[in-house]
Amino acid sequence: MSQDLMGVRVAIMATDGFEESELAVPKATLAAEGIEVHIVSPERGTIRAWAETQWGDDYPVDKSLDEVSSHDYHALVLPGGVINPDNLRTNEKALTFARGFFQEGKPVGAICHAAWTLINAGVVEGRRMTSVPSLRKDLENAGAKWEDSEVVCDSAFVTSRLPKDLDAFCSKMIEEIHEGRHRKQHA
């Protein structure tokens, strides 16, 4: 546990259909560093994971989007899956919440299909990033500079492709959280 990360709060924004490992692994890794982690979702209650080929476990929501602001957290993590970001990208509260972290220069991590949410939030133009390969054209059409790497970091904006990249993703997120706000992070 890292003493200098005590008191740090990170939001993991998700809804039903998130890829289970892409929420569970970052949540456990960040918590092991002493970070307080909240699952934030459009509604209170529980959200259901997608575990590669079938429905997974239910996860309790700590806060609804109505109860939080980007000001309440030091960083944001967005797990992928197909269903989860497809729903979040049409939710204006989710887009506003995500956009706030970029405007405040705070670290943001997105893995797999989570980039869909960020395309709709209008924060990917001119940014170096990666994602699941099937989103490459979506990101390029939105003005991002896509690359095929296990982790890409562009001024506190951390992206990864797939669950096999979670170790690199989590390590880079912790490094960026240690560094705090970044002047070059932008919406």
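Calculation notes
Residues numbered from 1 in each chain as written. Predicted model: local features only at pLDDT ≥ 70, side-chain atom pairs only at ≥ 80, totals over all residues. Heavy atoms only, no water. Phe/Tyr/Trp six-rings, centres within 6.5 Å; stacked < 30°, edge-to-face > 60°. Helix = DSSP H or I, 4+ residues; strand = E, 2+ residues; numbered from the N terminus. Buried < 20%, exposed > 50% of the residue type's maximum accessible area, 1.4 Å probe, protein only. Pairing = 2+ DSSP bridges. Contact = heavy atoms within 4.5 Å. Axes fitted to C-alpha atoms, helices over the stretch in contact; angles between N-to-C directions.

A. Here's a closer look at the packing of aromatic side chains. In this structure the tally under the stated criterion is five aromatic pairs. Between Phe97 and Phe101, the ring centres sit 5.1 Å apart and the planes meet at 90°, which makes this aromatic pair edge-to-face. One end of the pair is Phe97 and the other is Phe101, both in helix H3 (residues 92-103) and four residues apart, which spans about a single turn. In terms of burial, Phe97 and Phe101 fall into one category: buried. Through successive ring pairs, a cluster of aromatic residues spans Tyr73, Phe97 and Phe101.

B. Up close: the sheet that holds strand E11 (residues 151-154). Taken together, seven strands build an open sheet; the order of strands is E6-E3-E1-E7-E8-E12-E11 and the sheet is mixed. With partners counted over all chains shown, the strands left at the sheet margins are strand E6 (63-64) and E11, one partner each. Bridge count between strand E3 (residues 36-41) and E6: two bridges; the pairing is parallel. Pairing of Ser41 across the sheet is with Ser64, part of E6. Each of strand E1 (9-13), E3, strand E7 (75-78) and strand E8 (108-111) is contacted by helix H1 (residues 20-32), which is oriented at about 150° to E3, the strand it contacts most.

C. Fine view of the sheet that holds strand E4 (residues 46-51). Judged by pairing direction, the sheet is mixed, and its three strands sit side by side in the order E2-E4-E5 without closing on themselves. The open sheet is flanked by strand E2 (18-19) and strand E5 (54-60), the only strands paired with a single partner. The sheet contact formed by E2 and E4 spans two bridges and is parallel. Across the sheet, the residue bridging to Phe18 is Ala49, located in E4.

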